[in-house]
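A look at the structure
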Amino acid sequence: MRRYLQGTLDYACGIYAVINALSLCHNLGLEQARHIYLYSMEAVAAHPPAWRAFLRNHTDHYWVVRYMLERWCCHKPLPCLVEQPFSQCLIPRPQRIGVEEVEENPLFFMLDEDTTQEQCHNPVNAALNGVLWQHLHAWFCPTATRRAAIVRFHRFLPGVPLPVVSHWTTIAGVEGNTLLLHDASGEANSIHRIPKEETQGKGLSRPALVLSPASLVFMEGFV
């Protein structure tokens, strides 16, 4: 009989991704992590349109990740340097640490940055994927400490046009040409390592995993 774990019944991967990145940057304790999780869930639940989209996965969760970064990474006790090499859509704005803005924009999708539909119908840009990997190797250089990254990926099956999974995850490091994930899911078939070759298509075929450049966030903790 199946055992149900985080990520199979809920769509909170964006929240977990930021918490796990903070854990890598600041060595979060259980009580700190639990406080961030509960406070963030309560903040989203206070706004019914956002809460419904979040619970039913009627969103790509960019606004969730942005809210988490703004609320928890801009000030003590968990300050972080936050950078985006390919976009500015998730850069924290310290003056905005509420979920209120999503009620002003009911789309819940980053239509001009990255959407599942757009990823599915456009060919994979091999050159851009190569540059993305160059940035990851540079960020997780041997001398780096207290660093993490967040990225959204789409997982495809052969012959299936839409992704079977679109997921936010945390990157703990790079080993050779493999991303080492600090992921929340404990499912037997969940992804905890992403080899570079799985993000590269052969000819015109789509790769098994598509990393979204617009979603890539670099984080570094400081005191």
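Let me begin by describing the structure that accompanies this report. (Residues numbered from 1 in each chain as written. Predicted model: local features only at pLDDT ≥ 70, side-chain atom pairs only at ≥ 80, totals over all residues. Heavy atoms only, no water.)

1. Remarks on the overall build of the protein
Helix and strand counts for the protein come out as seven helices and seven strands. In terms of overall size, the protein behaves like a compact globule, its C-alpha atoms giving a radius of gyration of 17 Å where 223 residues would be expected to give roughly 17 Å. Taken over the C-alpha atoms alone, the protein extends approximately 45 × 40 × 40 Å along its principal axes. Taken across its 223 residues, the protein has 47% of its residues classed as buried. Taken as a whole, the protein presents about 11600 Å² of accessible surface, with 55% of it coming from carbon and sulfur. The centroid of the 18 positive side-chain charges in the protein is displaced by 4 Å from the centroid of its 20 negative side-chain charges. (Helix = DSSP H or I, 4+ residues; strand = E, 2+ residues; numbered from the N terminus. Rg over C-alpha atoms; globule rule 2.2 N^0.38 Å. Buried < 20%, exposed > 50% of the residue type's maximum accessible area, 1.4 Å probe, protein only. Areas by Shrake-Rupley, 256 points an atom, 1.4 Å probe, with all protein chains shown as cover. Lys, Arg positive; Asp, Glu negative; His and termini not counted. Charge placed at Lys NZ, Arg CZ, Asp CG, Glu CD.)

2. Remarks on a nonpolar patch on the surface
Together, Leu157, Val160, Val164 and Val165 make up an exposed nonpolar region whose accessible area comes to about 290 Å². Among the structural elements, Leu157 can be located in the loop between β2 (147-155) and β3 (165-175). (Patch = residues over 30% accessible without salt bridge, like charges linked within 9 Å, V, L, I, M, F, W, Y side chains within 5 Å. Salt bridge = Lys/Arg side-chain N within 4 Å of Asp/Glu carboxyl O.)

3. Thoughts on empty space enclosed by the protein
This structure, assessed with the given rule, holds two cavities of 30 Å³ or more. What the largest cavity holds in volume is close to 40 Å³. What lines the largest cavity is simply Gln6, Cys13, Tyr16, Ala17, Asn20, His167, Trp168, Thr169, Thr170, His182, Asp183 and Ala184. (1 Å grid on protein atoms, 1.4 Å probe; cavity = no way out; pocket = protein on both sides within 12 Å on 5 of 7 lines; lining within 4 Å. Points joined across faces, edges and corners; volume = space filled by probe spheres on them.)

4. What to know about the environment of Lys202
Mapped onto the elements of the fold, Lys202 is located in the loop between β5 (193-195) and β6 (209-211). Taking the C-alpha atoms as reference points, Lys202 and Val65, 137 residues apart in sequence, are found 32 Å from one another.

5. Side note on the side chain of Asp60
You can see Asp60 is positioned in the loop between α3 (48-56) and α4 (62-72). Side-chain polar atoms of Asp60 contact the backbone nitrogen of Tyr62, separated by 3.2 Å. (Polar contact = N/O pair within 3.5 Å; in protein donor to acceptor, adjacent residues only side chain to side chain.)

6. Examining the pairing of strand β7 (residues 217-221)
Within a regular strand, side chains alternate between the sheet's two faces. In terms of burial, β7 is a largely internal element, four of the five residues being buried. The pairing of strand β1 (residues 80-83) with β7 spans four bridges and is antiparallel. Along β7, the bridge assignment pairs Cys80 with Gly221. (Pairing = 2+ DSSP bridges.)

7. What about the pattern of salt bridges?
As enumerated under the stated definition, the model contains five salt bridges in all. A salt bridge links Arg2 to Glu187, with the shortest nitrogen-to-oxygen separation between them at 3.2 Å. Note that Arg2 is positioned in the segment before α1 (13-26) and Glu187 in the loop between β4 (178-181) and β5, a separation of 185 residues in sequence. Of the residues examined, Arg2 reaches a relative accessible area of 54% and is grouped as exposed. One salt bridge in this structure joins Arg34 and Glu31, with 3.0 Å as the shortest N-O distance. Here Arg34 pairs with Glu31, and both are found in helix α2 (residues 30-45), just three residues apart, close to one helical turn. Here Arg34 falls in the partly exposed class, since its relative accessible area comes to 40%.

8. Quick notes on the nonpolar core
One finds Leu22, Met68, Leu69 and Met219 to be the most contacted residues of the largest nonpolar core, which totals 41 residues. At the level of secondary structure, the elements contributing two or more residues to this core comprise α1, α2, α3, α4, β1, β2 and β7. Aside from chain neighbours lying at most four places away, what touches Leu22 is Asn27, Leu28, Ile36, Trp72, Cys73, Leu78, Cys80 and Met219. Listed in part, the 18 residues of the second largest apolar core include Trp139, Ala149, Val151 and Phe218. (Core = buried A, V, L, I, M, F, W, Y, C linked by side-chain atoms within 4.5 Å. Contact = heavy atoms within 4.5 Å.)

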